[in-house]
Amino acid sequence: MRLSPSLLGAIYALFTTLFASGAVWLVADALKDGDGGEVWQAVAANLLMIHGGASMAALLILGALYPLHMRLGWRANRNRTSGSLMVTINGLLIVTAFGLYYSGADILRAWTGYVHIAVGLALPVLAGFHILLGRRSRPM
């Protein structure tokens, strides 16, 4: 199910921001304990604010995708497997983000962080796969 160019552009920009802010945060977080740690601590904090703000916008976009894209694709019996995987992966990112923000248990927080990072780093590959399959299954 084709999305409007403006919505597609917003999705790409938003998820690129999420990926970049998360990936660069990983680097800044690793460097905050070394030389220049105060600078990296500030960079990491700012990246988390950007990442959190972008994630709120992503929730809006994901909600808009249901009536505009997912429901129609499901009814047309197109890309059900990769679409279901995308819904599951994004749901997992939402749940783990909630856990990272609200979990008080150190063990649970560490586990949740590892899952969130792994899934977040894998999302662009999975999204590319979903897009490729969608373009291949598009009626000519």
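Summary of the structure given here. (Residues numbered from 1 in each chain as written. Predicted model: local features only at pLDDT ≥ 70, side-chain atom pairs only at ≥ 80, totals over all residues. Heavy atoms only, no water.)

## A word on the packing of helix H3 (residues 80-102) against helix H4 (residues 106-137)
Across the interface, H3 lies against H4 with an axial gap of 9 Å and an inter-helix angle of 155 degrees. Taken together, the axes of H3 and H4 are roughly antiparallel relative to one another. Like other packed secondary-structure pairs, H3 and H4 cross with a definite hand, here left-handed. For the contact of H3 with H4, the per-class residue count stands at 15 nonpolar, 10 polar and one charged. (Axes fitted to C-alpha atoms, helices over the stretch in contact; angles between N-to-C directions. Helix = DSSP H or I, 4+ residues; strand = E, 2+ residues; numbered from the N terminus. Parallel < 35°, antiparallel > 145°, perpendicular 65-115°, else oblique. Left-handed = near helix turned anticlockwise from the far one by under 90°. Nonpolar A, V, L, I, M, F, W, Y, C, P; charged D, E, K, R; others polar.)

## Here's the deal with H4
Its 32 residues give H4 an end-to-end C-alpha distance of 45 Å, which sits within 8% of 46 Å, the value for a rise of 1.5 Å per residue. At Leu123, H4 shows its maximal kink, close to 40 degrees; a proline, Pro124, follows between one and four residues later. All of the buried residues in H4 are Thr112, Gly113, Val115, His116, Val119, Leu123, His130 and Gly134. For H4, the elements touching its buried residues are helix H1 (5-31), helix H2 (37-75) and H3. (Expected span 1.5 Å × (residues − 1). Bend = angle between axes of the 7 residues up to and from the residue. Buried < 20%, exposed > 50% of the residue type's maximum accessible area, 1.4 Å probe, protein only. Contact = heavy atoms within 4.5 Å.)

## Details of unusual backbone geometry
Even without being glycine, Asn77 reaches a positive phi, approximately 60 degrees. Its identity is not glycine, yet Asn79 carries a phi of approximately 55 degrees, on the positive side. As for its placement among the helices and strands, Asn79 is situated in the loop between H2 and H3.

## Side note on the nonpolar core
Among the nonpolar cores identified, the biggest contains 10 residues, and these are Leu3, Leu7, Ile11, Leu14, Leu18, Ala54, Ala58, Ile61, Leu62 and Leu65. Those elements that provide at least two residues to this core are H1 and H2. At five residues, the largest contribution of residues to this core is made by H2. Not counting chain neighbours up to four residues away, the residues in contact with Leu7 comprise Ile61, Leu65 and Leu68. Judged by nonpolar contacts, the second largest core, of six residues, contains Met86, Ile89, Val115 and Val119. (Core = buried A, V, L, I, M, F, W, Y, C linked by side-chain atoms within 4.5 Å.)

## Quick word on a nonpolar patch on the surface
There is a patch of nonpolar side chains on the surface, built from Phe19, Ile117 and Leu121 and spanning about 220 Å² of accessible area. Structurally, Ile117 is set in helix H4. For Ile117, a relative accessible area of 30% translates into the label partly exposed. (Patch = residues over 30% accessible without salt bridge, like charges linked within 9 Å, V, L, I, M, F, W, Y side chains within 5 Å. Areas by Shrake-Rupley, 256 points an atom, 1.4 Å probe, with all protein chains shown as cover. Salt bridge = Lys/Arg side-chain N within 4 Å of Asp/Glu carboxyl O.)

## Describing the pattern of salt bridges
According to the stated counting rule, one finds one salt bridge in the structure shown. Between Lys32 and Asp29 there is a salt bridge whose closest N-O contact spans 2.7 Å. Judged by its relative accessible area of 28%, Lys32 falls in the partly exposed class. Judged by its relative accessible area of 23%, Asp29 is partly exposed.

Nothing here speaks to function; it is all geometry.
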